[in-house]
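Take a look at the letters that make up each chain.
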Amino acid sequence: FLLLKRYKEPHKNLFCPVGGKLDPHEGPRAAAKREIFEETGLSPGHLKYCGVMTETSPVEYNWTCYVYMSELESRITPPPCDEGILEWIDFDDIESRRVQIPQTDPFVYKYVLAGKPF
């Protein structure tokens, strides 16, 4: 997974998927393609819809996430990003918690890798 170690809250210093907010009159798929390009410089071809997740915090955030996946033929060198540091992270490192990630994310990665919609 190409993940972003975030410079800012929420999830500062944690590895998260790239993403962001929908612009006015923008659909989730178009927003995903735009955010991937803005944060990685990559123009994803096919995006596979994986599911939707709602996360809430008593004080920090409330959001609905549309989760998509795109596969690359090979790993590229991660480009610089204003949002944080991009790095390739293997699922074994996610599952074993060798990298710091938000608490809910391991469940999402398992569904994505199994090809199960959520």
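Below: a short report on this structure. (Residues numbered from 1 in each chain as written. Predicted model: local features only at pLDDT ≥ 70, side-chain atom pairs only at ≥ 80, totals over all residues. Heavy atoms only, no water.)

### Some details on the overall build of the protein
Then, in step 1: The helix and strand inventory of the protein stands at three helices and five strands.
Then, in step 2: Mapped from its N terminus to its C terminus, the protein presents α and β elements in the order β-β-α-β-β-β-α-α.
Then, in step 3: Here the protein has a C-alpha radius of gyration of 14 Å; the compact-globule value for 118 residues is 13 Å, and the two agree.
Then, in step 4: Looking at the protein residue by residue over its 118 residues, the buried ones come to 36%.
Then, in step 5: Accessible surface for the protein amounts to roughly 7,900 Å². Of this, 53% is attributable to carbon and sulfur atoms. (Helix = DSSP H or I, 4+ residues; strand = E, 2+ residues; numbered from the N terminus. Rg over C-alpha atoms; globule rule 2.2 N^0.38 Å. Buried < 20%, exposed > 50% of the residue type's maximum accessible area, 1.4 Å probe, protein only. Areas by Shrake-Rupley, 256 points an atom, 1.4 Å probe, with all protein chains shown as cover.)

### Considerations on the packing of aromatic side chains
Then, in step 1: Per the counting criterion, the structure on display carries four aromatic pairs.
Then, in step 2: Taking the centre distance of 5.5 Å and the plane angle of 70 degrees together, the rings of Tyr49 and Tyr68 count as edge-to-face. Here Tyr68 lies in strand S4 (residues 62-69) and Tyr49 lies in strand S3 (residues 48-56), a separation of 19 residues in the sequence. (Phe/Tyr/Trp six-rings, centres within 6.5 Å; stacked < 30°, edge-to-face > 60°.)

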